[in-house]
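Here is what each chain is made of, one letter per residue.
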Amino acid sequence: MSNYDNQNIFAKILRGDIPCEKIYEDEYVLSFKDVNPQAPSHILIIPKGAYTDINDFIENASNEEIIGFNKAIPAVAHQLGISETSGGKGYRLISNAGSEAHQTVAHFHIHLLAGRNLGPMLVSIK
Ligand code: 5GP
């Protein structure tokens, strides 16, 4: 059972209570610039439905929502010209789920990062 809090910041963005720099929108998703970018292109893609994280989304969303969400990823990447098939140099997707992953907003989202060499996937702590 989901403990979704409809006062989270992305729920407020979806309701239009606070603004965002929109990149893409369709029936299933909203995509907008991250307010604290970690790369020249740092875009968030969120489902319009109320899901706390990827577990909640995949386990409880309809197949149409899951397919719609996934199809938005290349749509955004092509629109921004960051996919290699649209003339860019590629991009990275990240989705944090839970405390050790440092998820800070409890509305499922993926980060799409591009525009510089992103280096190895994780920085080693050893
Ligand atoms: P998380 O740490 O949950 O994976 O990522 C949450 C992201 O949301 C962070 O990268 C943070 O910069 C971004 N963020 C937090 N508040 C806002 C906001 O009000 N507007 C936008 N556009 N991004 C936000």
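Quick caveat: nothing in here was measured; it's all calculated off a predicted structure. (Residues numbered from 1 in each chain as written. Predicted model: local features only at pLDDT ≥ 70, side-chain atom pairs only at ≥ 80, totals over all residues. Heavy atoms only, no water.)

**Here's the deal with the overall build of the protein**
Scanning the protein for helices and strands turns up three helices and five strands. Order of helices (α) and strands (β) in the protein, N terminus to C terminus: α-β-β-β-α-α-β-β. Principal-axis analysis of the C-alpha atoms gives the protein an extent of 40 × 40 × 30 Å. Across the 126 residues of the protein, 37% fall into the buried class. Put simply, 50% of the contacts in the protein that link residues at least 6 apart link residues at least 24 apart. As displayed, the protein offers around 7,900 Å² of accessible surface, 52% of which is attributable to carbon and sulfur atoms. Of the charged side chains in the protein, 10 are positive and 14 negative, and the gap between their average positions amounts to 10 Å. (Helix = DSSP H or I, 4+ residues; strand = E, 2+ residues; numbered from the N terminus. Buried < 20%, exposed > 50% of the residue type's maximum accessible area, 1.4 Å probe, protein only. Contact = heavy atoms within 4.5 Å. Areas by Shrake-Rupley, 256 points an atom, 1.4 Å probe, with all protein chains shown as cover. Lys, Arg positive; Asp, Glu negative; His and termini not counted. Charge placed at Lys NZ, Arg CZ, Asp CG, Glu CD.)

**So, the sheet that holds strand E2 (residues 29–33)**
The strand order E1-E2-E3-E5-E4 describes an open sheet built from five strands, whose pairing is antiparallel. Of all strands in the sheet, those with a lone pairing partner are strand E1 (22–25) and strand E4 (91–94), marking the two edges. If you compare each strand with its neighbour and ignore which way they point, the axes differ by 20 degrees on average. Inspection of the sheet shows E4 paired to strand E5 (residues 110–114) by four bridges, in the antiparallel sense. From the neighbouring strand, Tyr 91 faces E5, where its bridge partner is Ala 114. In the packing of helix H3 (residues 63–80) onto the sheet, the strands contacted are E1, E2, strand E3 (41–47), E4 and E5, and the crossing angle to E3 comes to about 155 degrees. (Pairing = 2+ DSSP bridges. Axes fitted to C-alpha atoms, helices over the stretch in contact; angles between N-to-C directions.)

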